[in-house]
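Spelled out from the first residue to the last, the chains are:
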Amino acid sequence: FRDYSHSEISRDVATIKNSVVMHLTATFLRTPANIDSGQAYLASAFSVRDRLLQRWNLTNEYHDKIGAKRVYYMSLEFLIGRTFDNALLALGLREEYSKVLGDVGFCLEDIIDEERDAALGNGGLGRLAACYVDSMACSNYPGWGYGLRYKYGMFQQQILNGYQVEAPDCWLDSPNPWEFPRPDVTYPVKFYGHLVRDPQSEHRFKWESNVVYDAMAFDVPVPGYGTTNVGNIRLWSCKTNTLFDLNKFNSGDYQGATGGQVAAQILTDVLYPNDNTSEGKELRLRQEYLFCSATMQDILARFRKTNRPLSDLPDMAAIQLNDTHPTLAVPELLRILIDDEGLSWDEAWEITTRTFAFTNHTILPEAMEKWPVPMLDKILPRHMGIIYDINLFFLQTVEKQFPGDRELLRKISIIEESNPQQVRMAFLACVGSHKVNGVAAIHSDIIKQTIFKDFVRIQGEAKFINKTNGVSPRRWMNECNPDMSALLTEVVGDRSWVNDLTKLNQLEDRISDAGFRERWWAAKQKNKERLAEYILTTTGIKVSAHALFDVQVKRIHEYKRQLMNIFSVIYRYYQLKQMSPEQREQELHRVVIFAGKAASGYWVAKQVIKLINSVAEVINADDEIGDVLKVVFIPDYSVTAAEYIIPASDISQHISTAGTEASGTSNMKFVLNGGIILGTVDGANIEIGEEVGEEQIFFFGCLAHEVEDFRHYLRFNQPKPDAALQTAFDMIQRNTFGDAQLFQPLIDAIMRGGDVYLLSVDFPSYIQAHKAVEEAYRNHDEWVTKSILSVARMSKFSSDRSIQEYAEEVWNIEPQPVLNCG
Ligand code: 26V
């Protein structure tokens, strides 16, 4: 082995300065005397990237040499956010770069602010993928993420006249230091065409098509904190492989000559902005296949270099499907093994199912991916045939197990007998995998009792497991909350907690130390002041950092019930208006903070945003109310916005109808940052409550097992809003917040639409829970104690724990730290 101690990088400030100046002059053609902060960012970032690159190479060379088994995390979304600060902290070079930049008159914080988010995801699912690759790198697991390099990420949200307006996210308009183009890693991906049966074997086909795109790799390094290992996310970008039509060019048709290229780029142009809804659009299917085909070709190319027989693939590669979006990788692997490699169906099937595992992230019916058979058949004729075969063989084994049960076969068939027929991607992913998991205990139980009930019966309990989500302590504490991090380091004695959250249990010894409690609170207070500043610059609204900060930030969706939150704000406003000025001043001051994007085609969610902004406008302008109640909608929620908002919350709301939020991950981030949850008995809230103790969390609302009865009742009976909810309706209907007509559909969804998300059911206990929060908050010592105790008990929710469980129980891989290679 080569001497891997070279991965020690220089900390010498003069050396760093030279490398920054080198990039300024050689990469960006600037003179150091005359640069702005944008150029200072780029030069510094490129110099950090050089250092990462060194370790990236060593990591991958080492893992190749020792023949390590790798895990591949396939996800259509990676919500990475910024990388510069994350990399500085991981490399332990933050102070050095701060000094170098300070010497030329820049403040590191301003330079960090120059970076644009890599927003290649919608919400929880994409951010989870980013936390997971971070944990793999930090825990030295040989693992790669695979995804798509969207030219336009999650749209930017502007608020105009209270409405959401979408603007394109042109994040690649300026140079991106955090990607390495790999023109040498390019694969052809076919679409459409027809099949020719192989005369030698009835199972093999030749797929002929002249619609071929190229997928080219871009590698995004993932800095590991406290290790020299650097992980990787390989993102595919699409171009045509018939780059140039020389005939057209020669005949003077310059535009037409490059027409193919323009059309091809559209495939990876834009991220679908849907969260928890599947639209069944053909372009989306083509994106998914481009992704799956390129990824499988790449994984197999790497495997072939080991010279091992294909039957060893599952010993060298584990592939995790992040929801159903990458499920076409299953038939794609079968196709390559059977048609190109000449394996029998049985051999190929064995390899495939031992390689794949599948994570389900939602049970909302509208999010379940289904593709019309005619569409699949047209775009991917060979894959459609393979899916039919998978289904046939599966149904045959079921028929043997449960002879004559036609109803069972209909229920579990991968092909839904609708008109047109549809391929149920969750069933395909399940049948093609050796393990299926949910993302929190309650969610894993629910999927075993609902969508996969019959599969549990057929394939056995052991295949269906739980892997509760987690979040990265690097980003969601060390990076976003420096003051609280300093306190943690002081208590633990060193920074080891950053890679080992169990160390935080030492905080429990400090709760009786009044001086410590006050410093803890000072850290929270500073974060609140930072957020107040951020609110002022993004909305123009002035809020008091001494009020209770009550936060609900997440995608806008009916099941997440932002509507219930704003109804309670309206009711609160009503109550305050009934009071005398003296009474009012006695009330707890509160800032209610919302942020989140609505899918561009989701009308109801967009009306909810409008209602929040209309309510905010009236309340914030009411002089009688003043600082007693303020309402803000922070525009353009993003990873970076979350890094400001989360550390500043006193209370955060996670109030989905019980049984609808698979896990939630921001709930974990808020509590890790010393905030308290007001939430329903749903998703990971439940496990957070178990860990931190029931005193540290405010639960309300009906339970998951009660939901069905309530819904059934409300299908046939009018909801009975309590006086508080009725008051909120009345205020809206009296045009208190502008034209009531705008919001009537939101009320109708409850009063005439069956109140599917049970707002009328949960509202009374929600208002009670708010009261309990206020009471607890007024007891300052008690509140700070809750905050410290919660953080002390959050170790379960580190994504390091999640990844270790996946590694041991699903992937069968081991940590391979580069420096211990002997
Ligand atoms: C569905 C689709 C359908 C096709 C178009 C693009 C697209 C994008 C996202 C989705 C929804 C996937 C489900 C999802 O995001 N689930 C969330 O996963 C989080 C991580 O496990 C979890 O914490 C949230 O509770 C869950 O809603």
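Not measured: the values here are computed from a predicted model.

A short note on the sheet that holds strand 13 (residues 356–359)
Step number 1: Spatially, 7-10-11-4-1-12-13-17-18 is the arrangement adopted by the nine strands of the open sheet, whose pairing is mixed. Single-partner strands in this sheet number two, and they are strand 7 (180–191) and strand 18 (464–466). Geometrically, the sheet is characterised by an average inter-axis angle of 25° between neighbouring strands, direction not taken into account.
Step number 2: Bridging between strand 4 (residues 143–148) and strand 11 (residues 230–240) involves five bridges; their strand directions are parallel. Bridged to W144 within strand 11 is N232.
Step number 3: Strands in contact with helix 2 (residues 37–65) are strand 1 (70–74), strand 10 (211–223) and strand 11; relative to strand 11, the strand with the most contacts, it is inclined by about 95°.

As for the domain arrangement of the protein
Step number 1: Split by domain assignment, the protein resolves into domain 1 (1–66 + 83–114), domain 2 (69–80 + 117–434) and domain 3 (530–781).
Step number 2: Its C-alpha centre places domain 2 at a distance of 37 Å from the equivalent point of domain 3.
Step number 3: Across the contact, 25 residues belong to domain 2 and 23 residues belong to domain 3.
Step number 4: Sorting the residues of the side of domain 2 that touches domain 3 by element identifies helix 6 (124–138), strand 5 (156–160) and strand 6 (163–167) as the ones contributing at least two each.
Step number 5: For the side of domain 2 that touches domain 3, the element with the most residues is strand 5, which contributes four residues.
Step number 6: Of the residues belonging to the side of domain 2 that touches domain 3, the class tally is eight nonpolar, 13 polar and four charged.

Details of the sheet that holds strand 24 (residues 697–700)
Step number 1: Overall, parallel pairing links the six strands, which are arranged 21-20-19-22-23-24 in an open sheet. A strand with exactly one partner marks an edge of an open sheet, and here the two such strands are strand 21 (629–634) and strand 24. Strand-to-strand twist of the sheet, defined as the mean angle between neighbouring strand axes without regard to direction, takes the value 20°.
Step number 2: Direction of pairing for strand 19 (residues 548–553) relative to strand 20 (residues 590–595): parallel, over a ladder of six bridges. If you follow Q552 over to strand 20, its bridge partner there is F594.
Step number 3: Each of strand 20 and strand 21 touches helix 25 (residues 603–620); the most contacted strand, strand 21, lies at about 140° to it.

A word on the environment of L285
Step number 1: Mapped onto the elements of the fold, L285 is located in helix 10 (residues 282–304).
Step number 2: For L285, a count of 19 C-beta atoms within 10 Å corresponds to the partly exposed category.
Step number 3: Separated by 91 residues in the primary sequence, L285 and L376 have C-alpha atoms spaced 8.3 Å apart.
Step number 4: Excluding its chain neighbours within four sequence positions, the residues that come into contact with L285 are W371, M375 and I379.

Quick notes on the packing of helix 1 (residues 13–27) against helix 4 (residues 94–103)
Step number 1: Two numbers describe how helix 1 lies on helix 4: the axes approach to 10 Å, and their chain directions differ by 60°. For the pair helix 1 and helix 4, the crossing hand works out as right-handed. When helix 1 is examined against helix 4, the residues V13, I16, K17 and V20 are found in contact with a partner set consisting of E96, Y97, K99 and V100.
Step number 2: Class assignment for the residues of the contact of helix 1 with helix 4 results in five nonpolar, no polar and three charged.

Some remarks on the site of the ligand
Step number 1: The environment of the ligand is formed by 24 residues, the closest being G124, L125, S278, H361 and S663.
Step number 2: For the shell around the ligand, the element with the most residues is helix 6, which contributes three residues.
Step number 3: By residue class, the composition of the shell around the ligand is six nonpolar, 13 polar and five charged.
Step number 4: Both domains that furnish three or more residues to the shell around the ligand are identified here as domain 2 (69–80 + 117–434) and domain 3 (530–781).

Some points on the environment of H780
Step number 1: Within the fold, H780 resides in helix 33 (residues 780–792).
Step number 2: As for H780 and L148, which are separated by 632 residues in sequence, their C-alpha atoms are 48 Å apart.

Examining the pairing of strand 2 (residues 78–81)
Step number 1: Side chains F78 and I80 project from strand 2 onto one buried face, and the interleaved L79 and G81 project onto a second face that is buried too.
Step number 2: In the sheet, strand 2 pairs with strand 3 (residues 118–120) via three bridges, with the strands oriented antiparallel. Bridge pairing in strand 3 places G81 opposite A118.

Reading the values: the criteria
- Residues numbered from 1 in each chain as written.
- Predicted model: local features only at pLDDT ≥ 70, side-chain atom pairs only at ≥ 80, totals over all residues.
- Pairing = 2+ DSSP bridges.
- Helix = DSSP H or I, 4+ residues; strand = E, 2+ residues; numbered from the N terminus.
- Axes fitted to C-alpha atoms, helices over the stretch in contact; angles between N-to-C directions.
- Contact = placed C-beta atoms within 7 Å.
- Domains from an automatic or database assignment.
- Nonpolar A, V, L, I, M, F, W, Y, C, P; charged D, E, K, R; others polar.
- Buried ≥ 20, exposed ≤ 12 C-beta atoms within 10 Å, placed from the backbone.
- Left-handed = near helix turned anticlockwise from the far one by under 90°.
- Near = placed C-beta within 6 Å.

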